[in-house]
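One-letter residues, chain by chain:
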Amino acid sequence: EFSFESSKLRDIATHNVQASNDVINSLATSITANKSFDDQIFQSLANALLDQQQFIEGIIYTQFQKTEDNVTSAADLKIENSRLRNTQTAKDLNDIIKDENFENILKFIFLDGSSEPVVTVVTLESSKYYILLKPVLNNGYSVVDDGDSTSSIQGIVCLLINPDQLIEYSNVSNTLMV
């Protein structure tokens, strides 16, 4: 029974990690491709995604405010759109943005110029979050043509993921719970 249940947990975790990746890639593509992307479109998409994926606590889209040295920090972010599952997540958002791990991953994303999602962990007194971030590239940007990665990113999509909800414990036999 243990082998079966552990296999089931692995499958659930794998599915939810892949679902997170699909969600963030779809959102970034929607933002880049839709010239009239606004808060109404964002809220509609975010509400549907939060309804479908219970482990996602919030979805945020931030735009970069370019600084003189072209290295970004949390202070350079302007939250354009956000949808958070509950008031605790809303309270945590400011602490998340000020967290050193979040700050370091922003710098990495900005300097790297890649469009691949990256993850960081932020632990607060109230909760722990896995944060999946994906750069949203400027429409028409090409590494070959433009080269300069600092001008490639228009913003970042962030998913706030609750690790406790990532695996649905309700599907695990009571005999396997600790």
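Source: prediction; values computed, not measured.

**Q** Requested: an account of the overall build of the protein chain, with residues and values cited.
**A** In terms of regular secondary structure, the protein chain is built from six helices and five strands. Along the protein chain, helices (α) and strands (β) appear in the sequence α-α-β-β-α-α-β-β-α-β-α when read from the amino end. Each of the 178 residues in the protein chain was classed as buried or not, and the buried ones make up 42%. The long-range share in the protein chain, meaning contacts at least 24 apart out of those at least 6 apart in sequence, stands at 64%. Of the roughly 9800 Å² that the protein chain leaves accessible, carbon and sulfur atoms contribute 48%.

**Q** Talk me through the pattern of salt bridges; I want residue IDs and the actual numbers.
**A** As a working rule, side chains carrying opposite charge can pair if their charged atoms are close by. In the structure shown here, the tally under the stated rule is one salt bridge. Note that Arg 10 is salt-bridged to Asp 11, the shortest N-O span being 3.8 Å. Looking at Arg 10, the relative accessible area reads 51%, which means it is exposed. A residue is classified by how much of its surface remains accessible, and Asp 11, at 46% relative accessible area, is partly exposed.

**Q** Help me get a handle on the environment of Phe 102, residues and values and all.
**A** Looking at the element boundaries, Phe 102 is found in helix H4 (residues 100-112). On the basis of relative accessibility, which here comes to 4%, the residue Phe 102 falls in the buried class. Each C-alpha atom of the pair Phe 102 and Thr 120 lies 6.8 Å from the other, and the pair is 18 residues apart in sequence.

**Q** Please give an account of the confidence of the model for the protein chain that cites residues and values.
**A** Across the protein chain, the average pLDDT comes to 80, with 76% of residues at 70 or higher. Element-level mean pLDDT values for the protein chain span from 53 in helix H5 (residues 143-146) up to 93 in helix H2 (residues 39-52).

**Q** I'd like a description of the packing of aromatic side chains, backed by residues and values.
**A** Applying the stated criterion to the full structure yields one aromatic pair. Relative to Phe 42, the ring of Phe 37 has its centre 6.4 Å away and its plane inclined at 80 degrees; by these criteria the two rings are edge-to-face.

**Q** Mind laying out helix H3 (residues 87-98), listing which residues take part and the relevant values?
**A** Taken together, the buried positions of H3 are Thr 89, Asp 92, Leu 93, Ile 96 and Ile 97. The arc that holds the buried residues of H3, viewed along the axis, is 135 degrees, so those residues lie on one side. Structural note: H3 exposes Thr 87, Lys 91, Asn 94 and Lys 98 on the side pointing more than 90 degrees away from its buried face.

**Q** How would you explain H4 if you had to name every residue and give the values?
**A** An ideal rise of 1.5 Å per residue puts 18 Å on 13 residues; H4 measures up with 18 Å between its terminal C-alpha atoms. The N-cap residue of H4 is Asp 99: its side-chain oxygen and the backbone nitrogen of Asn 101 are 2.9 Å apart.

**Q** Could you give me a rundown of the environment of Asp 11, with the residues and numbers involved?
**A** Along the chain, Asp 11 falls in helix H1 (residues 2-33). Along the sequence, Asp 11 and Ile 167 sit 156 residues apart, while their C-alpha atoms lie 9.4 Å from each other.

**Q** So what's going on with the pairing of strand S4 (residues 128-137)? Which residues, and what values?
**A** Of all 10 residues in S4, seven are buried; the element is thus mostly enclosed. Inspection of the sheet shows strand S3 (residues 118-123) paired to S4 by six bridges, in the antiparallel sense. Counterpart to Thr 123 in the pairing with S4 is Lys 128. Linking S3 back to S4 in an antiparallel pair, the connection comprises four residues.

**Q** Describe the environment of Gln 154, and please don't skip the residues or the numbers.
**A** Tracing the chain through its elements places Gln 154 in strand S5 (residues 153-161). Exposure remark for Gln 154: the relative accessible area of 22% places this residue in the partly exposed category. The spacing of Gln 154 and Phe 64 is 90 residues in sequence and 6.0 Å in space, taken between C-alpha atoms. Gln 154 has contacts with Ile 31, Tyr 61, Thr 62, Gln 63, Phe 64, Val 136, Leu 137, Asn 138 and Asn 139, leaving out every residue within four places of it along the chain. Here Tyr 61 takes part through its side chain, which lies 3.2 Å from a polar atom of the side chain of Gln 154.

Procedures and definitions
Residues numbered from 1 in each chain as written. Predicted model: local features only at pLDDT ≥ 70, side-chain atom pairs only at ≥ 80, totals over all residues. Heavy atoms only, no water. Helix = DSSP H or I, 4+ residues; strand = E, 2+ residues; numbered from the N terminus. Buried < 20%, exposed > 50% of the residue type's maximum accessible area, 1.4 Å probe, protein only. Contact = heavy atoms within 4.5 Å. Areas by Shrake-Rupley, 256 points an atom, 1.4 Å probe, with all protein chains shown as cover. Salt bridge = Lys/Arg side-chain N within 4 Å of Asp/Glu carboxyl O. pLDDT = per-residue confidence, 0-100. Phe/Tyr/Trp six-rings, centres within 6.5 Å; stacked < 30°, edge-to-face > 60°. Arc of directions from axis to C-beta. Expected span 1.5 Å × (residues − 1). Polar contact = N/O pair within 3.5 Å; in protein donor to acceptor, adjacent residues only side chain to side chain. Pairing = 2+ DSSP bridges.

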